[in-house]
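In case you want the letters, here they are:
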Amino acid sequence: LLTTEHWELVLSDRGFMRALITTLTMASTTAVVSPLLFSIVAYVLVRTKWPGRAMLDGIFWMSAAIPGILAGLGLLIMFLNTPFLSLINGTIYALVLVVILQGKLTSTQTLKGVFMQMGSDLEEAARISGAGWIYTYFRIWLPLIRPTLVVLGVFSFVTAANTTSSIVLLATRNTLTLSLMALEMMTNEQGRQLEAAGIVSLIIIAMTVGVALLARSFGFHVGIRQHQ
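Right, let's walk through the structure included here. (Residues numbered from 1 in each chain as written. Predicted model: local features only at pLDDT ≥ 70, side-chain atom pairs only at ≥ 80, totals over all residues. Heavy atoms only, no water.)

**A few points about the overall build of the protein**
Across its full length, the protein holds 11 helices and zero strands. Expressed along its principal axes, the backbone C-alpha trace of the protein runs to roughly 70 × 45 × 25 Å. When each of the 228 residues of the protein is scored for burial, the buried share is 39%. Within the protein, contacts between residues at least 6 apart in sequence are counted, and of these 76% link residues at least 24 apart. In the structure as shown, the protein presents an accessible area of about 13,100 Å², 67% of it carried by carbon and sulfur atoms. Of the charged side chains in the protein, 14 are positive and 10 negative; the average position of the first set lies 12 Å away from that of the second. (Helix = DSSP H or I, 4+ residues; strand = E, 2+ residues; numbered from the N terminus. Buried < 20%, exposed > 50% of the residue type's maximum accessible area, 1.4 Å probe, protein only. Contact = heavy atoms within 4.5 Å. Areas by Shrake-Rupley, 256 points an atom, 1.4 Å probe, with all protein chains shown as cover. Lys, Arg positive; Asp, Glu negative; His and termini not counted. Charge placed at Lys NZ, Arg CZ, Asp CG, Glu CD.)

**Overview of the pattern of salt bridges**
By the definition in use, this model includes two salt bridges. Among the ionic pairs, K112 bridges to D57, the shortest N-O distance being 2.9 Å. Taken as a pair, K112 in helix α7 (residues 104–117) and D57 in helix α3 (residues 53–63) lie far apart in primary sequence, 55 residues in all. Classification of K112 by relative accessible area gives buried; the value is 15%. Owing to a relative accessible area of 16%, D57 belongs among the buried residues under this scheme. (Salt bridge = Lys/Arg side-chain N within 4 Å of Asp/Glu carboxyl O.)

**Some points on the packing of aromatic side chains**
Scanning all chains against the criterion turns up four aromatic pairs. Ring centres of F38 and F60 lie 6.2 Å apart, and the angle between their planes is 80°; on these two criteria the pair is classed as edge-to-face. In this pair, F38 is assigned in helix α2 (residues 16–47) and F60 in helix α3, connecting sequence segments 22 residues apart. Like F38, the residue F60 is buried in the burial classification. On the basis of an interplanar angle of 75° and a centroid distance of 5.8 Å, the ring pair of Y43 and F115 is categorised as edge-to-face. Of this pair, Y43 sits in helix α2 while F115 sits in helix α7, and the two are 72 residues apart along the sequence. Take F115: its relative accessible area is 0%, and that puts it in the buried class. (Phe/Tyr/Trp six-rings, centres within 6.5 Å; stacked < 30°, edge-to-face > 60°.)

**Side note on the nonpolar core**
Nonpolar side chains in soluble globular proteins tend to end up buried together. Counting 41 residues, the largest nonpolar core has V10 and L178 as its most contacted members. If you list the elements that add at least two residues to this core, you get α2, α4 (68–81), α6 (92–102), α9 (133–162), α10 (178–186) and α11 (194–227). Ranked by residue count, the leading element in this core is α2, at nine residues. When sequence neighbours within four positions are dropped, the list of residues in contact with L178 reads F16, A19, L20, T23, V200, I203, I204 and M207. Membership of the second largest hydrophobic core comes to 11 residues, among which are F115, L142, L149 and L152. (Core = buried A, V, L, I, M, F, W, Y, C linked by side-chain atoms within 4.5 Å.)

Here you go:
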């Protein structure tokens, strides 16, 4: 790893830059969409009395017990046999959808705990003042849970950047990620490129640590503003 030979092998690979862009796009999109989406799900589970809430919560728990490779196979069959989903099969949109669903349990349960610790006084006051659900959610709840959303965003980014088993059956040569690139190098029939795979892993670690440090700095500023 300390020689430049393996670094040149990785950085000169024609698929490396494409894999890097794919990984950053997939992880960044997941980091933004996943916390916001599942904050709404958590709100519905905790703050509403809609029918089917317990069933939805149970589905989330049961799906978490399915191994990643088995879940990937099921999602591949779903993409191939569903008309509107077959259009995105093999694209980065399919990977993003899969990775977002992969983090549904952690995000939902974490945000459920946050909502359960907060009283409903502010929401009731907003409703009495004439605010609708959308206005109340975006102007009251989102600012309150913003630190948690930042943490979940970082967690989603790290998970998406490192995921392998859930997307290995759905990715193509054009949607290869850095984690799949490292796996391919480790299992290359022409000769295992363990050093090159290690360098790709180091790049993934550097990328995720950089995002975590930025989010940590942002989280400090958010906390300071909330206590002023």
